[in-house]
Structures are given as structure tokens and as C-alpha cells.
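Architecture and fold: a report
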Amino acid sequence: MKLEKLTLMTATALYAGYLVKQAIRSRAERVYRLAAGESPYERTHPRSRSLRAAG
């Protein structure tokens, strides 16, 4: 019983840590893109390849 509870708590802590790490990574990526001059709209609406080649 104690081992199962410990295992569940460990798995929960690891998953929570993973989620926090992903949140930090996505926030940092957003900040870096904004600092580079890319708008948030460009991130969610990338131009198609044909438009990129023409412009």
C-alpha cells in the first residue's frame, strides 16, 4: 500500500515538473520571438511557401 502511494506521488510530481518545464519553455520561446521582432500573429499564422518565395 505504501509503495503504491509513493509511486503515485512520484509519478504525479514528475508529471507536474514536466508541465512546469513545458510552460517555461513555451513562454521563453514567445519572449525570444517577440524580442526578435516577430509578431504573435506570425507565429500562429505562418505564410505559405508560395507567398514566402514571392515576397
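Residues numbered from 1 in each chain as written. Predicted model: local features only at pLDDT ≥ 70, side-chain atom pairs only at ≥ 80, totals over all residues. Heavy atoms only, no water.

1. Brief notes about the overall build of the protein chain
Selection criterion: The secondary structure listing takes helices from DSSP runs of H or I that are at least 4 residues long and strands from runs of E that are at least 2 residues long, numbered from the N terminus. Buried, partly exposed and exposed residues are distinguished by accessible area as a fraction of the type maximum, computed with a 1.4 Å probe on protein chains only: under 20%, between the cut-offs, and over 50%, respectively. Each accessible area is a Shrake-Rupley estimate made with a 1.4 Å probe; only the visible protein chains count as cover when residues are assessed.
Scanning the protein chain from N- to C-terminus turns up 3 helices and 0 strands. The 55 residues of the protein chain split such that 0% are buried. Accessible area for the protein chain stands at about 5400 Å²; split by element, carbon and sulfur atoms hold 64% of it.

2. Considerations on the pattern of salt bridges
What counts, and what does not: By definition here, a salt bridge exists when the distance from a side-chain nitrogen of Lys or Arg to a carboxyl oxygen of Asp or Glu is within 4 Å.
By the definition in use, this model includes 2 salt bridges. The salt bridge involving glutamate 29 is made with arginine 33; its shortest N-O contact spans 3.3 Å. Here glutamate 29 pairs with arginine 33, and both are found in helix α1 (residues 2-35), just 4 residues apart, close to one helical turn. A relative accessible area of 28% places arginine 33 in the partly exposed class. One salt bridge connects glutamate 38 with arginine 33, and the closest N-O pair in it is separated by 2.9 Å. Here the salt bridges share partners, and the residues they tie into one network are Glu29, Arg33 and Glu38.

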